[in-house]
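Topology and contacts: notes
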Amino acid sequence: DQQVKQNSPSLSVQEGRISILNCDYTNSMFDYFLWYKKYPAEGPTFLISISSIKDKNEDGRFTVFLNKSAKHLSLHIVPSQPGDSAVYFCAASSRGSTLGRLYFGRGTQLTVWP
Amino acid sequence: DAGVIQSPRHEVTEMGQEVTLRCKPISGHDYLFWYRQTMMRGLELLIYFNNNVPIDDSGMPEDRFSAKMPNASFSTLKIQPSEPRDSAVYFCASSFTSVADTQYFGPGTRLTVL
């Protein structure tokens, strides 16, 4: 049973515009959330994270928003660039649990076109 | 610093053969994870180790799969005998101090079983 869901398998955005990738989770014990980016023939690379004590974390063009009541997080990329074209994975964990581990969504393929 | 190293990058074998995938985690990381990525199931956690000890192998699909970590800098994932449905990309990842913390992935091994 998927505890982390990315309901949009793909997203297409024009260069310079905003990309918004969404992620939903079901386990209220999750308190740490991450986004990974994956290019073809490479492993996922860590992009940005957020702890449940915050509702926003920013790193350059990338911002992650967390809505705990809705169990929803999103990744905003502004402005989008063709090099951002990749698969983006959302992940979540319960750091407060000794048995917690990362749970991954199925990924969203982002395509940024010129 | 070198990231997670995996070998081989590509493996093509025939059904029934033994396959061994290798991983060297980031130095100083206490946790090592093996994942499998397929189109059907996305990124699945197979097994993870803490300080070289297997902690959770509930994701290992069958007895044909086994994993070892003889020391802090080396792990293997073995499939014996291999089957066509084992064809996938296998990733190794490591994390520093917690199973729920940020994980750093290797480039993956693309396995094709004919």
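Relevant structure appears above.
Here the structure is a predicted model, which means the values were calculated and not measured.

Below, the discussion takes up the sheet that holds strand 6 (residues 56-59) of chain A. Residue and element names in this part refer to chain A. In space, the five strands of this open sheet follow the order 1-3-8-7-6, with antiparallel pairing throughout. Taken across any chain shown, the strands that pair with only one partner, and hence form the sheet edges, are strand 1 (4-5) and strand 6. In this sheet, strand 8 (residues 72-77) lies alongside strand 3 (residues 19-25) in antiparallel orientation, the contact comprising six bridges. Residue pairing in the sheet places Leu21 in a bridge with Leu75 of strand 8.

Overall, the coordinates contain 14 aromatic pairs over all chains when judged by the stated rule. Aromatic side chains Tyr25(A) and Phe30(A) sit 6.1 Å apart centroid to centroid with 55° between the ring planes, which places their arrangement in the tilted category. Classification of Tyr25(A) as buried rests on a relative accessible area of 5%. Ring geometry for Tyr36(A) against Phe46(A): centres 6.0 Å apart, planes inclined by 70°, an arrangement best described as edge-to-face. Of this pair, Tyr36(A) sits in strand 4 (residues 32-38) while Phe46(A) sits in strand 5 (residues 45-51), and the two are ten residues apart along the sequence. One aromatic cluster in this structure is built from Tyr36(A), Phe46(A), Phe104(A), Tyr31(B), Phe33(B), Tyr35(B), Tyr48(B), Phe91(B) and Phe105(B). The ring of Tyr32(A) is capped by Arg95(A), whose NZ or CZ atom sits 3.7 Å from the centre of that ring. Directly above the aromatic system of Tyr103(A) lies the positively charged group of Arg101(A), at a separation of 4.1 Å from the ring centroid.

Before going further, it helps to spend a moment on the nonpolar core. All names here are of chain A. Formed by 23 residues in total, the largest nonpolar core has its most connected members in Phe33, Trp35, Leu73, Leu75 and Tyr88. Counting only elements with at least two residues in this core, the list comes to strand 3, strand 4, strand 5, strand 7 (62-67), strand 8, strand 9 (86-93) and strand 11 (108-113). Tallying contributions element by element places strand 9 first for this core, with four residues. Leave out the neighbours within four places in its chain, and Tyr88 touches Gln6, Leu21, Trp35, Tyr36, Lys37, Leu47, Leu75, Ile77, Gly107, Thr108 and Leu110.

Residues and elements named next belong to chain B. Mapped onto the secondary structure, Thr13 falls in strand 2 (residues 10-13). A sequence separation of 33 residues divides Thr13 from Leu46, and the C-alpha atoms of the two residues are 21 Å apart. Among residues more than four places away in sequence, those in contact with Thr13 are Val19, Ser82, Leu111, Thr112, Val113 and Leu114.

The subject of this paragraph is the state of the cysteines. Enumeration according to the criterion identifies two disulfides over all chains in this entry. Between Cys23(A) and Cys90(A) runs a disulfide, and the two sulfur atoms are separated by 2.0 Å. Here the disulfide of Cys23(A) and Cys90(A) is left-handed, its torsion about the S-S bond being about -75°. Of this pair, Cys23(A) sits in strand 3 while Cys90(A) is found in strand 9, placing the two residues 67 residues apart along the sequence. Each member of the pair Cys23(A) and Cys90(A) is classed as buried. With its sulfur 1.9 Å from that of its partner, Cys23(B) forms a disulfide with Cys92(B). The S-S bond linking Cys23(B) to Cys92(B) shows a torsion near -65°; that makes this disulfide left-handed. Taken together, the positions of Cys23(B) in strand 3 (residues 19-24) and Cys92(B) in strand 9 (residues 88-95) put the pair 69 residues apart, joining distant regions of the chain. Using a relative accessible area of 1% as the deciding quantity, one classes Cys23(B) as buried.

Rules used throughout
Residues numbered from 1 in each chain as written. Chains lettered and ligands numbered in written order. Predicted model: local features only at pLDDT ≥ 70, side-chain atom pairs only at ≥ 80, totals over all residues. Heavy atoms only, no water. Pairing = 2+ DSSP bridges. Helix = DSSP H or I, 4+ residues; strand = E, 2+ residues; numbered from the N terminus. Phe/Tyr/Trp six-rings, centres within 6.5 Å; stacked < 30°, edge-to-face > 60°. Buried < 20%, exposed > 50% of the residue type's maximum accessible area, 1.4 Å probe, protein only. Lys NZ or Arg CZ within 6 Å of the ring centre and 35° of its normal. Core = buried A, V, L, I, M, F, W, Y, C linked by side-chain atoms within 4.5 Å. Contact = heavy atoms within 4.5 Å. Disulfide = S-S within 2.5 Å.

Read these as spatial facts, not as claims about activity.
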